[in-house]
Amino acid sequence: MRPLATIGGCLLLLAAEVAGHHGPEEVVAELTAQLEMDPENVELLSRRATEYRALGMHAQAEADLRLVLGKHPQSIADTESLARVLWARGKCPEAMDMIQRAVELAQPGRERAAGWILKSEWELEQGRTDAALAACRNAFQEDPEGMVDWYLLRSRIEERLGRPADRLAGLKAGHEALKSIVLRNAWVDAALDAGHLDEAAPVIETELAKSRLKSSWWIRRARLRLGAGDPDGGTQDLKAAVVELDRRIHLQRPDAKLLVDRAQARALLGDLDAARDDLALAREHGADPWEVGRLANRIREEAKPTP
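So, how was this worked out
Residues numbered from 1 in each chain as written. Predicted model: local features only at pLDDT ≥ 70, side-chain atom pairs only at ≥ 80, totals over all residues. Heavy atoms only, no water. Helix = DSSP H or I, 4+ residues; strand = E, 2+ residues; numbered from the N terminus. Rg over C-alpha atoms; globule rule 2.2 N^0.38 Å. Buried < 20%, exposed > 50% of the residue type's maximum accessible area, 1.4 Å probe, protein only. Contact = heavy atoms within 4.5 Å. Areas by Shrake-Rupley, 256 points an atom, 1.4 Å probe, with all protein chains shown as cover. Lys, Arg positive; Asp, Glu negative; His and termini not counted. Charge placed at Lys NZ, Arg CZ, Asp CG, Glu CD. Phe/Tyr/Trp six-rings, centres within 6.5 Å; stacked < 30°, edge-to-face > 60°. Lys NZ or Arg CZ within 6 Å of the ring centre and 35° of its normal. Domains from an automatic or database assignment. 1 Å grid on protein atoms, 1.4 Å probe; cavity = no way out; pocket = protein on both sides within 12 Å on 5 of 7 lines; lining within 4 Å. Points joined across faces, edges and corners; volume = space filled by probe spheres on them. Nonpolar A, V, L, I, M, F, W, Y, C, P; charged D, E, K, R; others polar. Salt bridge = Lys/Arg side-chain N within 4 Å of Asp/Glu carboxyl O. Expected span 1.5 Å × (residues − 1). Arc of directions from axis to C-beta.

Caption draft 1: Spotlight on the overall build of the chain. Counting its regular elements, the chain contains 17 helices and 0 strands. Taken over the C-alpha trace, the chain has a radius of gyration of 24 Å; the compact-globule value for 307 residues is 19 Å, which it surpasses by more than 25%. The C-alpha extent of the chain, read off along each of the three principal axes, is 85 × 45 × 35 Å. The buried share of the chain, taken over its 307 residues, is 45%. The long-range fraction of contacts in the chain, counting pairs at least 24 apart against all pairs at least 6 apart in sequence, stands at 48%. Only carbon and sulfur atoms are counted for the fraction: they give 52% of the accessible area of the chain, which is about 16300 Å². Taking the average location of the 43 positive side-chain charges in the chain and that of its 51 negative ones, the two points are 3 Å from each other.

Structure below.
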C-alpha cells in the first residue's frame, strides 16, 4: 500500500497534467473526482477554486477557498483569491477586510505592495478617493520603484482629487525610474491637462517627426495649439488625425483605443454627435472605463454653451 503522501503527490501530478491538456470544465471534473478520494486535500481544493474562478463560478470558488483557509489561514495566495472572489460576488466590505488580511500576511516589499495596490483600486472603484490614495502611497513605501500600472493608478486618483501638480510630478518620476513610454505619454497628457504646454511641446514635436502613425500625437499637438491660442493650427491637426483614424479603424472589428482617440478629436472639433457615436462604440468594444468616463466628461464640457 502506498504512503498517503505519495498518493497525494500522484494526485497533484495528475491534476497538473490534466490542467495542461483540458479546459477548465474538464479540469474541475477531474479535480472533483480526485477530491472524492481525498476530500481534505487543500492543494486540490485551491486548484479547483482557480478553475472555478476561470469559469466565473464564484460561489463554488468561495466555498473551496473557505475550506482551504480553514486549514491554512496563513496562505497569502488563497486569502487574496478569496478577496477577489468576494469582490466579484459583490461582497465588497468582506472583500476589503480579506485583502487587508492578505496585506498583513504578505512579505514586506513587492508582495505586500501588490496587495495595497489591489486595495487602492477597490477603494477608488467605490469612490473613496482619499483612502485609495493612502493605499497607493503605502504600496510605494513598500516598493519605491513601483510598476507602470501603479503610477497610472496614482495618476488617476490624483486627477480625481484635483491635484495636477502631484499627478504631473508622479508620472515624470515614474518615467525617469522605469523608462516607460506609457508613462512618458501619460506625463505628456498630464502636462497638457495642467496647461504646462512648454513641457509637452518638445516631446510632441519629436514624436510627430519620427512616428509613422501620427494621429494620437496630432491630437496632442492640437490640444497644445488650442491651449496656446492657435485655433486654426489646432483644427488642422484634429482633421488630420480624424483622416488617419478613419483609415485605421476596422468597420467590423474596431479598436476601442482608436475609437476613443477619434471621439476626442471629433469632440474638440465640435462634432459632438459623431463623438458620442464613437464613445458608445468604444464602450461596446471594451474601452477602458476610466478613458470612457474622461471622454464623456470632455464631450459634456464641449457641449456647454460658451459664456
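That covers the picture; the talk isn't over yet.
Caption draft 2: Region of interest: the packing of aromatic side chains. Counted under the stated rule, the structure contains 3 aromatic pairs. Relative to W150, the ring of F140 lies with its centre 5.9 Å away and its plane at 85 degrees, an arrangement referred to as edge-to-face. Of the two residues, F140 sits in helix 8 (residues 129-142) while W150 sits in helix 9 (residues 148-160), which places them 10 residues apart along the sequence. For the pair F140 and W150, a shared accessibility class is recorded, and that class is buried. Its end group placed over the ring of F140, R154 keeps NZ or CZ at 4.3 Å from the ring centre. If you follow R220 out to its NZ or CZ, it ends over the ring of W217, 4.3 Å from the centre.

Caption draft 3: Representation of the domain arrangement of the chain in the model. Domains assigned within the chain are domain 1 (1-9 + 18-98), domain 2 (106-191) and domain 3 (201-307). Between the C-alpha centres of domain 1 and domain 3 there is a distance of 45 Å.

Caption draft 4: The arrangement of the layout of surface pockets in detail. Put simply, the largest pocket is a space of about 1400 Å³. Listing elements by their share of the lining of the largest pocket, those giving two or more residues are helix 7 (110-125), helix 9, helix 10 (164-178), helix 11 (181-194), helix 13 (215-227), helix 15 (256-269) and helix 17 (289-303). Tallied by class, residues from the lining of the largest pocket come to 15 nonpolar, 5 polar and 17 charged. Domain assignment of the residues forming the lining of the largest pocket places at least three in each of domain 2 (106-191) and domain 3 (201-307).

Caption draft 5: Main features of the pattern of salt bridges. Considering all chains together, one arrives at 29 salt bridges under this definition. Notably, a salt bridge pairs E40 with K71, separated by 3.4 Å at the nearest N-O pair. Of this pair, E40 sits in the loop between helix 2 (24-37) and helix 3 (42-54) while K71 sits in helix 4 (residues 58-71); the two residues are 31 residues apart in sequence, bridging distant segments of the chain. On the basis of relative accessible area, E40 is assigned to the exposed category, the value being 56%. Among the residues examined, K71 registers a relative accessible area of 43% and is labelled partly exposed.

Caption draft 6: Focus on helix 2. With 14 residues, helix 2 extends 20 Å from end C-alpha to end C-alpha; this agrees with the ideal 20 Å at 1.5 Å per step. Within helix 2 the residues assigned to the buried category are V27, V28, L31, Q34 and L35. For helix 2, the angular spread of buried residues about the axis comes to 130 degrees, placing them on one side. For helix 2, the exposed residues set more than 90 degrees away from the buried face come down to E25, E36 and M37.

Caption draft 7: Inspection of the side chain of D64 at higher detail. Examined against the element boundaries, D64 turns out to sit in helix 4. When residues no more than four places from it in sequence are discounted, the contact partners of D64 are L45, R48, A49 and Y52.

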